[in-house]
Amino acid sequence: MKPPHVFVIAEAGSNWKAGSHSQDIKRAKSLIRIAAKSGADAVKFQTFRAKTVYVNDAGKSDYLGRSGIKSSINEIFENAEMPYEMLGELADYCKKESIEFMSTAFSVEDAYQINKYVKIHKIASYEINHVRLLEYLATTKKPIIISTGASNYTEIDFAVNDP
């Protein structure tokens, strides 16, 4: 008997960011090619807006301190925002490479923008209790993968059964 297939998602996250828009597209497509060649079933990016992830003046971070960059948390996240305009191009490229396109949304607006390009939605573990996001995703009638790594049983139960 053949074992069941494990659905493998390659995490591209925000690693597509390279500099200019053309450099960003080039790197994102490279990540897609690598994921497809590796045999992954899907490649997943992250789509968010800094203003919906953190409050204004969220503080400073030396996260990139080794490279000499000390920025506000808001600036770091603004720099890593995926332009909505990239979603369609990356989804089309995934089709060309025979790999499923996915992107984790961090707000209802992000999910709305992503929805037309994905067959499966993905929730980050720290968004597991984002009620409006869960409610919106439920209306799409598409499968939802919920990460649970930073969650406890009560939060998981809530996300699955209550929204």
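In every chain, residue numbers begin from 1 and rise along the written sequence. Since the coordinates come from a predicted model, pLDDT governs what is reported: local features require at least 70, and pairs of side-chain atoms require 80 or more to be given and counted, while whole-chain, interface and lining totals use all residues. Working from all heavy atoms in the structure, the side-chain values ignore hydrogens and water.

> Break down the overall build of the chain for me, citing the residues and quoting the values.
Working definition: helices are DSSP H or I runs of at least four residues, strands are E runs of at least two. Numbering for both runs from the N terminus. Secondary structure assignment for the chain yields 7 helices and 7 strands. Scanning the chain from its N terminus toward the C terminus, one meets helices and strands in the order β-α-β-α-β-β-α-α-β-α-β-α-β-α. Here the term buried applies to any residue with accessible area under 20% of the maximum for its type, exposed to any over 50%, and partly exposed to those in between, with areas from a 1.4 Å probe on protein chains only. The burial tally for the chain puts 39% of its 163 residues in the buried class.

> Requested: an account of the pattern of salt bridges, with residues and values cited.
Every case where a carboxyl oxygen of Asp or Glu lies within 4 Å of a side-chain nitrogen of Lys or Arg is listed as a salt bridge. Per the counting criterion, the structure on display carries 4 salt bridges. Notably, a salt bridge pairs Lys44 with Glu11, separated by 2.9 Å at the nearest N-O pair. Residue Lys44 is located in strand 2 (residues 42-47), and its partner Glu11 is located in strand 1 (residues 9-13); the two are separated by 33 residues in the primary sequence. Judged by relative accessible area, which is 46%, Glu11 ranks as partly exposed. Put simply, Glu135 and Arg132 hold a salt bridge, and the shortest N to O gap is 3.0 Å. Pair noted here: Glu135 and Arg132 are both in helix 6 (residues 131-139), with a separation of 3 residues, about one helical turn.

> Tell me what's going on with the sheet that holds strand 2, and back it up with residues and numbers.
The sheet built from 3 strands is open, its strands ordered 1-2-5 with parallel pairing. Looking along the sheet, the strands with just one partner apiece sit at the ends: strand 1 and strand 5 (100-105). Strand-to-strand twist in this sheet, taken as the mean axis angle between neighbours without regard to direction, amounts to 30°. In this structure, strand 1 lies alongside strand 2, joined through 4 bridges in parallel fashion. Bridge assignment links Ala10 to a residue of strand 2, and that residue is Val43. Running over the sheet, helix 1 (residues 21-38) touches strand 1 and strand 2 and is turned about 150° from strand 2. What makes two strands pair is DSSP finding at least two bridges between them. Lines fitted to the C-alpha atoms define the axes, with helices restricted to the stretch that makes contact. Angles between their N-to-C directions range from 0 to 180 degrees. When checking whether two residues touch, look at their non-hydrogen atoms; a contact exists if any pair is within 4.5 Å.

> I'd like a rundown of the packing of helix 1 against helix 4 (residues 84-96), residues and numbers included.
Helix 4 packs onto helix 1 with a crossing angle of 30° between their chain directions and a minimal axis gap of 10 Å. In this structure, helix 1 meets helix 4 at a crossing whose hand is right-handed. Seen from helix 1, the contacting residues are His21, Asp24, Ile25, Ala28, Lys29, Ile32 and Arg33; seen from helix 4, they are Met86, Glu89, Leu90, Tyr93 and Cys94. Charged means Asp, Glu, Lys or Arg here, nonpolar means Ala, Val, Leu, Ile, Met, Phe, Trp, Tyr, Cys or Pro, and polar covers whatever is left, Gly included. When its residues are assigned to classes, the contact of helix 1 with helix 4 shows 7 nonpolar, 1 polar and 4 charged. Take the far helix as your reference; a near helix turned counterclockwise from it by less than a right angle gives a left-handed crossing, and one turned clockwise gives a right-handed crossing.

> An account of the pairing of strand 5 is needed here, citing residue identities and associated values.
By the criterion of burial, strand 5 is predominantly enclosed, with 6 of the 6 residues buried. Taking every second residue as pointing to the same face, both faces of strand 5 are buried, with Glu100, Met102 and Thr104 on one and Phe101, Ser103 and Ala105 on the other. As judged from the 6 bridges shared by strand 2 and strand 5, these two strands associate in the parallel manner. Paired with Phe45 across the bridge in strand 5 is Ser103.

> How would you explain the confidence of the model for the chain if you had to name every residue and give the values?
Each residue carries a pLDDT score, the predictor's own confidence in it, on a scale running from 0 to 100. Here the chain averages 85 in pLDDT, while 80% of its residues score no lower than 70. Averaged over each element, pLDDT in the chain is lowest for strand 3 (residues 60-61) (54) and highest for helix 4 (97).

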